[in-house]
Amino acid sequence: MTISDDLLRDLAIRAAKELGDSATAETIKQYVNKELMARGVMPKEGEQAGGRAILTSFGLNKPGVVSSITGALSTSEIDILDISQKIMQDFFTMIMMIDITNSSKTLKEVQDDLHIVAEKLNIKIYLQHEDVFRFMHRI
Amino acid sequence: MPYEFEEVLSTIKMTEIEHFDIRTVTMGINLKDCSDRNVEVACQKIYDKITRLAGKHVENALKIESQYGIAIANKRVSVTPISLIADSFGEEEFIKIAETLDKAARQIGIDYIAGYSALVQKGATNGELRFLNSIPYALASTAKVCSSVNIGSTKAGINIDAINIMSEKIKQTAELTKDNGSIGCAKLVVFCNAVEDNPFVAGAFHGVSEPEVVINVGISGPGVVLDGIRSAGRVDFRELAEVIKKTVFKITRAGELIGRKVAASNNVEFGIVDISLAPTPAEGDSIADILMAMGVEDVGAPGTTAALAMLNDCVKKAGLMASSCVGGMSGAFIPVSEDQGMIRAVEAGHLSLEKLEAMTAVCSVGLDMIAVPGDTPATTIAGVIADEAAIGVINDKTTAVRIIPVYGKKVGESVDYGGLLGKAPVMPISTLSSANLLLRGGRFPAPMRSLTN
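First, a word on what this report is: a plain description of the structure on this page.

Cut-offs and rules
Residues numbered from 1 in each chain as written. Chains lettered and ligands numbered in written order. Predicted model: local features only at pLDDT ≥ 70, side-chain atom pairs only at ≥ 80, totals over all residues. Heavy atoms only, no water. Helix = DSSP H or I, 4+ residues; strand = E, 2+ residues; numbered from the N terminus. Rg over C-alpha atoms; globule rule 2.2 N^0.38 Å. Buried < 20%, exposed > 50% of the residue type's maximum accessible area, 1.4 Å probe, protein only. Contact = heavy atoms within 4.5 Å. Areas by Shrake-Rupley, 256 points an atom, 1.4 Å probe, with all protein chains shown as cover. Lys, Arg positive; Asp, Glu negative; His and termini not counted. Charge placed at Lys NZ, Arg CZ, Asp CG, Glu CD. Salt bridge = Lys/Arg side-chain N within 4 Å of Asp/Glu carboxyl O. Axes fitted to C-alpha atoms, helices over the stretch in contact; angles between N-to-C directions. Parallel < 35°, antiparallel > 145°, perpendicular 65-115°, else oblique. Left-handed = near helix turned anticlockwise from the far one by under 90°. Nonpolar A, V, L, I, M, F, W, Y, C, P; charged D, E, K, R; others polar. Buried area = accessible area lost by both parts, 1.4 Å probe. Pairing = 2+ DSSP bridges. Expected span 1.5 Å × (residues − 1). Arc of directions from axis to C-beta. Core = buried A, V, L, I, M, F, W, Y, C linked by side-chain atoms within 4.5 Å. Polar contact = N/O pair within 3.5 Å; in protein donor to acceptor, adjacent residues only side chain to side chain.

## A few points about the overall build of chain B
- From N to C terminus, chain B includes 15 helices and 13 strands.
- Taking 2.2 N^0.38 as the reference for a compact globule, 453 residues should give roughly 22 Å; the C-alpha atoms of chain B span a radius of gyration of 21 Å, in line with that estimate.
- Every one of the 453 residues in chain B was classed for burial, and the buried ones make up 62%.
- A fraction of 79% describes how many contacts in chain B between residues 6 or more apart in sequence connect residues 24 or more apart.
- Taken as a whole, chain B presents about 16,500 Å² of accessible surface, with 50% of it coming from carbon and sulfur.
- Averaging the coordinates of the 43 positive side-chain charges in chain B and doing the same for the 53 negative ones gives two points 3 Å apart.

## Section: the pattern of salt bridges
- One pass over the structure, following the stated rule, counts 25 salt bridges over all chains.
- Ionic pairing is found between B:Lys63 and B:Glu59, a salt bridge with its closest N-O pair at 3.7 Å. On the criterion of helical spacing, the pair formed by B:Lys63 and B:Glu59 is a turn pair, its members being four residues apart in helix 3 (residues 57–68).
- Here B:Glu59 falls in the partly exposed class, since its relative accessible area comes to 36%.
- B:Asp102 is the partner of B:Arg106 in a salt bridge, and the nearest nitrogen-oxygen pair spans 3.1 Å. Residue B:Arg106 and its partner B:Asp102 are located together in helix 5 (residues 91–108), separated by four residues, close to a single helical turn.
- Given a relative accessible area of 49%, B:Arg106 falls into the partly exposed group.
- Within this structure, A:Asp131, A:Arg134 and B:Lys261 form a network of salt bridges that share partners.

## Digging into the packing of helix 5 of chain B against helix 6 (residues 126–140) of chain B
Residue and element names in this part refer to chain B.
- Packing of helix 5 against helix 6 leaves a shortest axis separation of 8 Å and a crossing angle of 55°. By the angle class used here, helix 5 and helix 6 are oblique. Note on packing geometry: the crossing formed by helix 5 with helix 6 is right-handed. Across from Glu 91, Phe 94, Ile 95 and Ala 98 in helix 5, the residues of helix 6 making contact are Gly 127, Arg 130, Phe 131, Asn 133, Ser 134, Tyr 137 and Ala 138.
- Among the residues making up the contact of helix 5 with helix 6, the classes are represented as six nonpolar, three polar and two charged.

## Considering the interface of chain B and chain A
- Facing the 32 residues of chain B at the interface are 32 residues of chain A.
- When chain B packs against chain A, close to 2,900 Å² is buried across both sides, 65% of that on carbon and sulfur atoms.
- There are three salt bridges connecting chain B and chain A.
- Of the residues forming the side of chain B that touches chain A, the biggest block, 11 residues, is contributed by helix 1 (residues 5–16) of chain B.
- In the side of chain B that touches chain A, the residues fall into 15 nonpolar, six polar and 11 charged.

## Considering the sheet that holds strand 1 (residues 52–60) of chain A
All names here are of chain A.
- With antiparallel pairing, the four strands of this open sheet are ordered in space as 2-3-1-4. The open sheet has two edge strands, strand 2 (79–88) and strand 4 (124–129), and neither has a second partner. Strand-to-strand, the axes of this sheet are offset by a mean angle of 15°, without reference to chain direction.
- Inspection of the sheet shows strand 1 paired to strand 3 (residues 91–99) by nine bridges, in the antiparallel sense. Counted as the bridge partner of Ala 53 is Ile 98 from strand 3.
- Strands strand 1, strand 2, strand 3 and strand 4 of the sheet are contacted by helix 3 (residues 65–75), whose axis makes an angle of about 20° with strand 3.

## Description of helix 1 (residues 5–19) of chain A
Residues and elements named next belong to chain A.
- Here helix 1 spans 21 Å end to end across 15 residues, near enough to the 21 Å set by a 1.5 Å rise per residue.
- Those residues of helix 1 that fall on the buried side of the exposure criterion are Leu 7, Leu 11 and Ala 15. What you see down the axis of helix 1 is that its buried residues fit within an arc of 70°, all on one side. In helix 1, the exposed residues that point more than 90 degrees away from the buried face are Asp 5, Asp 6 and Lys 17.
- Immediately beyond the C-terminal end of helix 1, within one or two residues, lies Gly 20, with a positive phi of roughly 60°.

## Some details on the nonpolar core
- Counting residues in each nonpolar core, the largest one holds 160 residues, and the members touching the most others are B:Leu101, B:Ile151 and B:Leu311.
- Sorting elements by how many residues they give to this core places helix 9 (residues 237–266) of chain B first, with 11 residues.
- Of all hydrophobic cores here, the second largest spans 21 residues; its members include A:Leu55, A:Ile69, A:Ile100 and A:Ala118.

## So, the side chain of B:Glu338
- Locating B:Glu338 in the fold gives a position in the loop between helix 11 (304–322) and helix 12 (340–347).
- A distance of 3.4 Å separates a polar atom in the side chain of B:Glu338 from a polar atom in the side chain of B:Arg402.

## Quick look at the pairing of strand 8 (residues 269–274) of chain B
Residue and element names in this part refer to chain B.
- Judged by how many residues are buried, strand 8 sits mostly within the fold: five of six residues are covered.
- Taken together, the four bridges between strand 7 (residues 213–219) and strand 8 define a ladder with parallel strand orientation. Looking across to strand 8, one finds that Val 217 is bridged to Val 273.

That's the geometry; what it means functionally is another story.
Dropping the structure here:
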């Protein structure tokens, strides 16, 4: 789930009052984690920050390929920002830019979901964080 | 779409088809604060520090791997040269430290731990002499520990005495690990002008001027460069240089990204990207194939050195712009056993030790992963090391020798280590004696090059 700005502000003010001058980065982190857990938000171990990712898929074209992929994405509350597709003879290549910021899942979990889709349809699906494309192709 | 269709596909092609991977993400760890008079205490401190700092190194690297879809072939740790933190110890105590390093490496699941090293380019202390004696036993009793010894530098000259000791130690290591094809020698490198932030084994160590903890990255990617050159077709040298630079730029950017992210996930400083093209035994991931794609019939043909020189120069030019901080060796590697094309050229009799030596003058890092007959005299090995050191000292560059006098094997036979170390054909080596030169001993004084002030 996403944490609203108001909640964050509220937490910061209360942490400042509670901890006073003795606050250190570590004690603030502990305090915030405790408060969040009390509100039912479990901070995940090593959770990756959300952001944009590029999904590339290709394989033999058949009905339902796009809907299977977008279906898997929508159940994970993932925004599709852009789609580009090319079909050459029997093969399709589709590139999507997606945003997983609002998803409850991590990039790894989405990758695992898509892996199942890819197996079922006998196509290839790659999901990579946008940074790798930005680093390689933009200065 | 902020990215062109072709751009996205070119990245996928690199990672999925052309074997592009990050060769290594190496965590450098300072062990200066782990010295103690009591070896048991020192070992405990070393073990605790490595497992504490690098405990999640592998796990974090795996996460970054899947996030960006780029494989990281090896996760490694380098440490402060052990001879520096334990100068008062005897041989047996040094071996205990090696075993501790091995144990820590197994515990955290890394591929190699490097830094069982000594820096004796000007001379060796008594502790360092004992340390050198311990190397063959340390390598024989451990699996993941790598050792390196620096025997020369442009500023100090060449320590011929240390070369003579090391050539004996190489022979002894080959004998002690004879049951495994003398594999100990594959984890022992003799350096000239060793660098302090090298992420590649066997020569990595965490230099004395390095920070407490640091992440250094070594890129790979000959397959990607090879494909670029092949697709470019018959273009002139200037155009070819452009093709190589563009490809290497992308590879290095990926290395920079991965390095920054792994460093951030471990909460440590990001050091450098080593922009060396490192081959793997996989078909197509070969420096030799690149040289052939550039136009020589096989590696070893006249023109090979020129082709390699241009490749190496282009790698540096492109990498320099792509990374915030370039360091380490930064050049193309030409290890024989780790490169299918090199193995093929040696087996066909096209590539000799002498040609390889010439090639090392224009690229990093030196005579690497070269198997020679088991009965090669130590003084001949010393001569080979001295030649490489001379190239390094006079040209102010890093050179190294990782030579394997494979116990009981002769020219024509080969030894297969599997994995990244690959398969080494036993190469012919000159039977002329170098003994009277090397056994003069002493020190090759610092060259003119050193007087730069």
